[in-house]
Structures are given as structure tokens and as C-alpha cells.
Amino acid sequence: MTEAILLVGGKGTRLRPLTVNTPKPMVPAAGVPFLTHQLARARAAGVDHIVLATSYLAEVFEPYFGDGSALGLHIEYVTEEEPLGTGGAIRNVAARLHSGPEDPVLIFNGDILTGLDIRALVAEHRRVDADVSLHLTKVSDPRAYGLVPTDPTGRVTAFLEKPQTPAEIVTDQINAGAYVFRRSVIDTIPAGRPVSVERETFPDLLASGAHLQGMVDSTYWLDLGTPQAFVRGSADLVLGRAPSPAVPGRCGDRLVLPSARVATGAKLTGGTVVGEDAVVGEGVRLVGSTVLSGAVIEPGAVITDSLIGARASVGARSVLTDAVVGDGARVGADNELRAGARVWCEARLPAGAVRFSSDQ
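Residues numbered from 1 in each chain as written. Predicted model: local features only at pLDDT ≥ 70, side-chain atom pairs only at ≥ 80, totals over all residues. Heavy atoms only, no water.

1. Focus on the sheet that holds strand β14 (residues 267-269)
Then step 1. The strand order across the open sheet formed by 5 strands is β14-β17-β20-β23-β26, and the pairing between neighbours is parallel. Edge positions in the open sheet fall to β14 and β26 (336-337), since each of these has one partner strand only.
Then step 2. Across 3 bridges, the pairing between β14 and strand β17 (residues 285-287) is parallel. Counted as the bridge partner of Thr269 is Val287 from β17. (Pairing = 2+ DSSP bridges. Helix = DSSP H or I, 4+ residues; strand = E, 2+ residues; numbered from the N terminus.)

Below you can see the structure in the form of C-alpha cells.
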């Protein structure tokens, strides 16, 4: 297996304002664009040719990754003129594949951080001679996901929409967003229109008698669709909980890129990342947070489980918990932002403007 398709065309609406200026796969996680981790893990599993299915802010990808040679890959880019959904995007790049009709093609969603054993998924696909094999993972609360029950041999028996009642929760197995397709199956997806693999392709294949195999792999798995999840995923990469050969440094409590400036009295813990040319002042506490390139954290600020965008600033003594500050925004001194607060790109928040406690 030497080929893969990476689906990186989504708008990342749930991640805004992180994705106002940057497509979701290019938002930095553990010091590099998140997509770098996926590409590096695919390369480590033996993939050498990857087609990126792009759409939103498509012009950003190629200037950064080029032909992929720096990662030991051959990368090609295909841009959708209009969004085609997961299945439509796969079909749209089919002409760039070199595989024969019976060969396996690996497909990744561009917003999943996982420790999946890619070689094991391909091996299972070959062993059972499946038409499509799916990575499945078990979750404690499957209500937010589509369910994928299997028989005792791992063969998929149904695709069930998000359950609405306890009686509808027939399994804790969900689609984890990584697949192996028999190359010829990709050509059966309708061309030139939006198609969802989850709602159309997979159910139609099952109804036609195709062999869809599920492999449960319960290693690390996280959907990075929300700012809170993205911040957590970045921290887990730094801490070594999520595996990636692309983390630019040793795993540990903190990752400070070489051109960043961090005051000696600042305390960075919990997988915190400080990006290039960022400045962290005296007495600052950063816990499980990401500070992107060129951002400034002024003295005494306390930031927990939050993301500070590129060139943004957080004023002295401000306290942020579970918050996002967009690119170029300015949060003045003595503010408190909590509970999922999002400050939009280039916004200006005056000193002491938002508080969750008294000003005494």
C-alpha cells in the first residue's frame, strides 16, 4: 500500500475564529500545521504518494508542503470548484491515483488525531479481502456520532445515524474517520456532485452486498472539530499521549520554538506550546495552552486550556480559561475570559472589560 487521499477541504466552521485566516489542517498543533502530523504518520506506515483533496483556502497548502519531498513523500493537490462532501472529494481525486483496481487506497479525514496502527488496518483489509475497511473506535457516549455495529467477525452490519434514545444505542463503536478502499470501489462513487461516504456511499455499498470490514483500534483518538478539542490535541502531542514523528522537539510539559522569548519567571506546563517569535512575560502561567507565532503574553497573565492566535496579545494579569483569541486580537489587562469565550480576529478588548468576579 503506497497511496493515500487526505480530505482537507472543510471550512472548519466549528473552529472559528481559528479558521478565519487558516484552513483547519494548517492550524498549528504542537508547533507545526496539524496536517504535518498526519503526513508524517502516513509516511512512517509506508505511504509514499498522497493526494490532498482541498477546497477552503486551498492556496495555502502547496506553498508550505510543496511536492512533499521534505517529508519523503510525493504530494499532489486537487482543488474542488465547489464543496463535494467526503465521498465526492474522494471521487474527484481518483484520476491522480496510480493503484490498480484491486489495490488498497488509504483515506484520512483531515481533522482526526489518532494513534491508529495504519499497517494493521491495511493488513486486516487484505486478510478478509474487503471492499472497504473502516477504523472504528469505542466511545463512552456515542450519542454525538454515527454508530457502526459489526458481527463477531468484524463485518459491518449497519450504519446508524446519531441515536436519539437509549434504545437506539446498539453499540459503542463509531466511524473514526480512516478507511481503506479497494481502488475499484472509488470509481463507483458518483462524479461531479456532492456525496457523503457516511450517509450515501457506505450504506449503498452495504445494501449492494459489498464487504465492509470494521477494525476496532482503541488507541488515542480525538476529533479536533472544536477549539477546546484542538487545544487538547496539541497538548497531548507535546505530552506524548498522541504519537507523532513530526513534533519538533522532545515530548514533555512544554514545547518552546527556538525564536520564542520566555521570561525566566514564567511557568509553562501541561503540554503548552509557544510558537515562533512569541513573547511570554514575567510571572505568566500557561497550562495546556497554545500561543501561536508572534503573540505576546504580558506579565502576570494566567492562561489555561486556551489558544492565543498569531500576533495576538493578552494584557497583564488577564485570566483566560477555555478561551480562544483570534489572530491579531488584543485583550487588554485585567480581563477574565472563560467557558468557551472566543475573541474574534483583530478585535480589541479594553482593559477590565470582561470579568467573572469583582474588580477587588
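Following the structure, the description resumes.
2. Concerning unusual backbone geometry
Most peptide bonds take the trans configuration, and most residues that are not glycine carry a negative phi.
Then step 1. Between Arg16 and the following residue, Pro17, the backbone shows a cis peptide bond with an omega angle of 15°.
Then step 2. Inspection of the secondary structure assignment puts Pro17 in the loop between β1 (3-7) and β2 (28-29).
Then step 3. In this structure, Asp334 takes a positive phi of about 60° despite not being glycine.
Then step 4. With respect to the secondary-structure elements, Asp334 resides in the loop between β25 (330-331) and β26.
Then step 5. For Asp334, a relative accessible area of 26% corresponds to the partly exposed category.
Then step 6. Even without being a glycine, Ala339 presents a positive backbone phi close to 55°.
Then step 7. Within the element layout of this structure, Ala339 appears in the loop between β26 and β27 (342-343). (Buried < 20%, exposed > 50% of the residue type's maximum accessible area, 1.4 Å probe, protein only.)

3. Side note on the nonpolar core
Then step 1. Of all hydrophobic cores here, the largest spans 29 residues; its most connected members are Ile5, Ile107, Leu134, Phe181, Ile186, Phe202 and Leu212.
Then step 2. Of all the elements in the fold, those that place two or more residues in this core are β1, β4 (49-54), α3 (85-92), β6 (104-109), β8 (132-138), β9 (173-182), α5 (183-186) and α6 (197-207).
Then step 3. Apart from residues no more than four positions distant in its own chain, Ile186 is found in contact with Ile5, Ile90, Arg91, Ala94, Leu97, Val105, Ile107 and Phe181. (Core = buried A, V, L, I, M, F, W, Y, C linked by side-chain atoms within 4.5 Å. Contact = heavy atoms within 4.5 Å.)

4. Regarding the packing of aromatic side chains
Then step 1. Evaluated as defined, the whole model comprises 7 aromatic pairs.
Then step 2. With a centroid separation of 6.0 Å and an interplanar angle of 65°, the aromatic rings of Tyr145 and Trp221 are classed as edge-to-face. Remark: Trp221 occurs in strand β11 (residues 221-223) and Tyr145 occurs in the loop between β8 and β9; sequence separation between them is 76 residues.
Then step 3. Under the relative-accessibility criterion, Trp221 is labelled buried at 14%. (Phe/Tyr/Trp six-rings, centres within 6.5 Å; stacked < 30°, edge-to-face > 60°.)

5. Considering the domain arrangement of the chain
Then step 1. Split into domains, the chain comes out as domain 1 (2-223) and domain 2 (253-349).
Then step 2. Domain 1 and domain 2 are separated by 33 Å when their C-alpha centres are compared.
Then step 3. Across the boundary between the two partners, domain 1 contributes 11 residues, which contact 12 residues of domain 2.
Then step 4. Summed over both sides, the interface of domain 1 with domain 2 buries roughly 900 Å², with 67% coming from carbon and sulfur.
Then step 5. There are 0 salt bridges connecting domain 1 and domain 2. (Domains from an automatic or database assignment. Buried area = accessible area lost by both parts, 1.4 Å probe. Salt bridge = Lys/Arg side-chain N within 4 Å of Asp/Glu carboxyl O.)

6. Description of the sheet that holds β6
Then step 1. The 7 strands are arranged β5-β4-β1-β6-β9-β8-β10 in an open sheet whose pairing can be described as mixed. Each edge of the sheet is formed by a strand with only one pairing partner; in this case those strands are β5 (74-79) and β10 (212-216). Averaged over all adjacent pairs, the angle separating strand axes in this sheet is 25°, with direction ignored.
Then step 2. Summarising the sheet, β1 and β4 pair through 5 bridges and their orientation is parallel. Bridge pairing in β4 links Ile5 to Val51. (Axes fitted to C-alpha atoms, helices over the stretch in contact; angles between N-to-C directions.)

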